[in-house]
Structures are given as C-alpha cells and as structure tokens.
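So you can see what is in the structure, the chains are spelled out below.
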Amino acid sequence: MTEHTRTDGLPALDPGQGPPVLERARPRNERMAAGKIECNACPVLCQISTGKSGACDRYANADGVLVRVDPVVLLDRAAALGDGAVVPFLVRPSGDTGGPEAASEDRGLFVTGVGASTTYPDYKPAPFVVASRADGVDMVTVVTEGIFSYCSFRVKIDTDRYLGPEQANVRCNGEVVGHVTTAEYGSQMLSLGGVHHLTGGSKKEGRVTCEMMASLGNKSAVELDIDGGTRVVVQAGRAPVVDGVEEARMRVGCGSATVGIFAKQFHGLADEVVVVDDHITGVLSQHQAGRCLDMRASGVRIRGRRSTPGRYFQVANPGTGWGGTDILDPMSIVEGWDAGTAWPGLRLLMVSTTGEHAEWFVLDDALVPRREPLPDAVARVVSRIGDNCEPSLCTVLFVGGAGGSLRAGVTENPVMLTRSIKASLVNVTCGGAPAYVWPGGGITVMVDVARMPDRSFGTVPTPAIVAPIEFSMRLDDYRALGGHMEVVRSLDDALARGAWHRDGAPTGRRIDATLPENPWPLGRAPLLG
Ligand code: SF4
C-alpha cells in the first residue's frame, strides 16, 4: 500500500518547531487503493492516483508526493523586477526557520495567499506566517488560501438598460445562481453566488454556482439569464453585453441631472428639451434649471407621474430602448400640447441620458411635431452628453466571510483577530488587494477582483470558493493577539523554503508586479501611523 502522504509534511518538521496539536495526525486510510495518496488540504480528502490531480485541480500526486499545482504568487513593489516566472522553492533543513528575529529589512516583496494553500483542519496555523521589517518596524503577515462557504459577488453593471426586475432570479446554465438587487446611480446591480445557492439547493445548483463564481472572480466572462429580463454577459473590467449588444456608455446622469448639467448649453438652441430616462425624465422649460434661465413655457404634456416641476417618473416601461425605457419612438411619451401655450415653429429636442438617441422636432401650424434633421449646434451639445458618459463597465466585488474557523490559522484566540481588525491594527488584503472590512460583527471582507492577481480563485467540491487572504500587522500585535509565534518565519526563509508545512513537497513561486493602483499592504497607513 502506498504511504499516506500529507500536505502538512509533519514527518519532516522538528517536533519542537511545529504546533503540538499537529502531532495528532489522522491515521492511515487502510482502504485506500495502492498508488494513491490522500490530500488533506480540505474536507473532501481526495485520494489521488499517481499523475492525477485532486477534485479541485490544486493538488496532484507527483510520483507519490502530494504537490500544490499552482505557484505561490508574491508581489514585487519594484514592478520592474517582477517577471512572473515560476521559480522553485529550495528545500532547506527543517528547524532553520530564520525566525521572527531574523526578519530582513523591507525587500519590497509580499507573499500573497494565491497558491499559498490551506491547512485543514483549521486549528493548524496558516501555511505562511512571514516576518518582515517595514520602515524599521517588525511586521508579520499571515497568509492563507481561505475556503469560503459564505461568499458571494456583487456585480455592478454600468448601463441604463433594463436587465430585469428587481429580485428576479439570475440563472447560469439554467440554474438559479443569484438575483437582481437594488439599482444604483447609472448601474444595475446583481448579487451572485452565496451560501444559499452553493449548499442550500440541488447538487447541480451548487456546482454551477461554484463554477460561475470562480469564473467571475478569475475575470472570465459569464453568461447570465435574468428571469423576465435579458441575457447579459458579465466580465470584470469589461463592457457588459446585453442581449448580444455590447454596451458603450454609462449614462451621464438621470434625465433631471442631464437637464440641469446641459441647460445653459441648450438655452437659445432649443425651445424645449426632454431627456428621456427610465428613472426621472427631465423637461427643461418646467425644470428649475429652465426657470433660472427664464425659459418660456412650451406647453408640452408628458406621460407618467410628475414628481416635482420638470421631473417625471414612470414615463414608460423599463427596457432596452431610449434611456433604459422600452420606447423606440420618443414621441410616445408626449401626451400632447397646451394649445394656448405652445406655438408653431417651437423647436423640441428629445434626447436620451447617454446621447445615443436624439431627435429634433418642429411644431407645425397645427402644433403637430414634425421630425427634422438635428441642427449642427444642437448635435454638438448632444455629442457632449456622450463625451461626458463614462465607459460602461462590469465591476465584480468578492464578498467573503473570514470571521469563522479561518481565524484559527492566525491565532489561538480568534476573537482577538476580529477585534484587532476593527481596531485597525491589522490590514486585511486579498491577493495583495485592499479589502474593505464591513463594520459590525465578524470579518466580512469585500474586494475588487480586478485588483487581485489573475487566477486568484479556485473551488473545492464541498462546494465552496477558495480565495486568498492576508493579515498584516506589527509583530508585537501578533504576539499580543495570541498568534502562532512558533511558525513565524523570516521573509528570506519563506522565499527559500516555502510554507512551513511543505518541507519536501516540490512547488514553485511566481513574482508578479504589484498593481500600481493598490497601496502596498505593509504601507504606512494605518499600520505604521
Ligand atoms: S478538493 Fe483539492 S484540496 Fe480538497 S482534498 Fe481534494 S485535492 Fe485536496
């Protein structure tokens, strides 16, 4: 029978160096087929044949040795030095850890959780607990790949197009994987994934949800169908594709805002301007902006519910037409004209909030609007509306709950980690990207996947999402919160040998340039004052 191989590499550790709890390793699985080894990096406990990888494709059996397939990703603050090449870790004798006292001065290198692997069960220390020195202050960073059951993605889609009703189910390959949530200014919002879809439904729902989440996190395109709405292709940092049409512009503002912004520029060029919008349709002559310009009332009557002067709700149904409504003919929202106020020759501009739709009308003697070509001067203002629209993008934020057992990899007193984060003593990053920690209980982090290294996310078939997380703090604070001081290693040692639990297991490290928009995780604020 093949020897049961462990990811924790305990036999190679000096018993005096490792945490005592690790001595109670699981007994050998007597029923395991010859040639297989067991991976114990997560609860699935895959039995992996030689030359094969486990269910998550993160670990493999290389001639009887369990190896982590992907390299650990380090970030290099001096971008020019980062070449992205994979370099093997050197195996050094156990017990030679370098120790926290051997922390080298800031090398501008940061070990991320991407590829760092996990130590399961959770009472083991995180795989990398790395000491370094930043601006003369001894620091430590606790690094792991968290296995997140409670996690989801918030997706912001910059478009005024109607994607589907709020609360509608969002499907991927026919399975419900999320829902439409509250729209924000100029953007439609989706909430995708989450524990309910991962584990609360059918096996297929959980598997599809998990795959969809990993794809989204890894910046790949995902095709989603919204019940009662559209088919949308979402990819972090890319324009959304709605029913096969790639979006170009995010609206400049709602109809009322557009009226206000461009009122002076339209003044004198048009007698009336109606900015069509699914939220608030603006009517210039009635709007406060028009009043301030002493505009003459036009007598136009607009459908929908008047909110305040010159601002109308519900002029049409939501859709993919003008201004996020379902209208294709802008005159369909004009109920009529007040004959005592309107006049023949009145010039009317109908325009959408992105400037993508614009039509020009002149009232004839019977006060019937007649389409005419857009005058050049008006076209220039319409063009300026478009120029002021930002590109339509999909933003994908990962939300993960790190306030559970993951904390035991950091400290033997988990609530101290939670409190230290809330007290701004600990900087939380995900793959080196800054993470927003929600106020209140627990450690709920939120991070923009576009600021994380490529391929940061993985899956395990429990099902759950694998995502990197790092906790950086002063070494003294780490000691005070009950940190696993016995496995603190110098950065040099981590660079040379890899994770503390990996002795003898070949793996590699890759050094990437840090993204310029990301603050350095060991930076001054708030850690170093
Ligand atoms: S799913 Fe991956 S991490 Fe979990 S036991 Fe299998 S190979 Fe190991």
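Right, let's walk through the structure included here. All values reported here derive from a predicted model rather than from experimental measurement.

**Overview of the environment of Asp 454**
By the secondary structure assignment, Asp 454 is in the loop between strand S31 (444-448) and strand S32 (458-460). Taking C-alpha positions, Asp 454 is 6.1 Å from Asn 218, a pair spaced 236 residues apart along the chain. Residue contacts for Asp 454: discarding those within four places in its chain leaves Lys 219 and Arg 510.

**With respect to unusual backbone geometry**
With an omega of -5°, the peptide bond running from Tyr 120 to Pro 121 counts as cis. Its location among the elements puts Pro 121 in the loop between strand S7 (109-111) and strand S8 (128-134). In the segment running from Thr 462 into Pro 463, the intervening peptide bond is cis, with an omega of -5°. Of note, Pro 463 is situated in the loop between S32 and strand S33 (464-474).

**Here we look at the sheet that holds strand S18 (residues 272-276)**
The strand order across the open sheet built from 7 strands is S21-S22-S19-S18-S24-S25-S26, with neighbouring strands paired in mixed fashion. The outermost strands of the open sheet, each flanked by one partner alone, are strand S21 (305-308) and strand S26 (369-372). Between one strand axis and the next, the sheet turns by 25° as a mean value, whatever way the strands run. As defined by bridge partners, S21 adjoins strand S22 (residues 311-313) across 3 bridges and the pair is classed as antiparallel. Bridging across to S22, Arg 305 finds its partner in Phe 313. Strands in contact with helix H5 (residues 376-387) are strand S24 (347-352) and strand S25 (358-363); relative to S24, the strand with the most contacts, it is inclined by about 20°.

**Focus on the site of the ligand**
Lining the immediate environment of the ligand, one finds Cys 39, Ala 41, Cys 42, Leu 45, Cys 46, Gly 54, Ala 55, Cys 56, Arg 58, Tyr 59 and Pro 461. When grouped by side-chain class, the residues that make up the shell around the ligand number 9 nonpolar, 1 polar and 1 charged.

**Re the layout of surface pockets**
Here the largest pocket defines a volume of roughly 540 Å³. Sorting elements by how many residues they give to the lining of the largest pocket places strand S12 (residues 175-184) first, with 5 residues. Taken together, the residues of the lining of the largest pocket sort by class into 7 nonpolar, 10 polar and 8 charged. Counting only domains with at least three residues in the lining of the largest pocket, you end up with domain 2 (151-250) and domain 3 (255-387). Computed from the structure, the second largest pocket encloses a volume of approximately 420 Å³. In terms of lining, the second largest pocket is formed by 26 residues, of which the most central are Asp 122, Ile 147, Phe 148, Ser 405 and Leu 406. Counting residues per element, the lining of the second largest pocket draws most heavily on strand S9 (residues 137-148), at 5 residues. Grouping the constituent residues of the lining of the second largest pocket by class yields 11 nonpolar, 12 polar and 3 charged.

**Re the pairing of strand S11 (residues 169-172)**
The two faces of S11 differ: Val 170 and Cys 172 on one face are buried, but Asn 169 and Arg 171 on the other face are not. Pairing of S11 with S12 involves 4 bridges; the strand directions are antiparallel. Note on S12: the bridge partner recorded for Cys 172 is Glu 175. Counting the residues that bridge the hairpin from S11 to S12 gives 2 residues, and of these Asn 173 lies at a positive phi of roughly 50°. Inspection of the sheet shows S11 paired to strand S14 (residues 222-226) by 2 bridges, in the antiparallel sense. Bridging from a neighbouring strand, Val 170 pairs with Ile 226 of S14.

**Focus: H5**
The terminal C-alpha atoms of H5, which comprises 12 residues, lie 16 Å apart, in line with the 16 Å expected from a rise of 1.5 Å per residue. If you follow the buried residues of H5, they end up packed against helix H3 (255-266), S24 and S25.

**Describing empty space enclosed by the protein**
Evaluated as defined, the whole model comprises 3 cavities of 30 Å³ or more. There is about 90 Å³ of room inside the largest cavity. Forming the walls of the largest cavity are 14 residues, and the residues nearest its centre are Cys 39, Cys 42, Cys 46, Cys 56 and Tyr 59. Each residue belonging to the lining of the largest cavity can be placed in one class, and the counts come to 12 nonpolar, 1 polar and 1 charged. Considering only enclosed or pocket space, the second largest cavity measures out at about 40 Å³ in volume.

Analysis parameters
- Residues numbered from 1 in each chain as written.
- Predicted model: local features only at pLDDT ≥ 70, side-chain atom pairs only at ≥ 80, totals over all residues.
- Heavy atoms only, no water.
- Helix = DSSP H or I, 4+ residues; strand = E, 2+ residues; numbered from the N terminus.
- Contact = heavy atoms within 4.5 Å.
- Pairing = 2+ DSSP bridges.
- Axes fitted to C-alpha atoms, helices over the stretch in contact; angles between N-to-C directions.
- Near = heavy atom within 4 Å.
- Nonpolar A, V, L, I, M, F, W, Y, C, P; charged D, E, K, R; others polar.
- 1 Å grid on protein atoms, 1.4 Å probe; cavity = no way out; pocket = protein on both sides within 12 Å on 5 of 7 lines; lining within 4 Å.
- Points joined across faces, edges and corners; volume = space filled by probe spheres on them.
- Domains from an automatic or database assignment.
- Buried < 20%, exposed > 50% of the residue type's maximum accessible area, 1.4 Å probe, protein only.
- Expected span 1.5 Å × (residues − 1).

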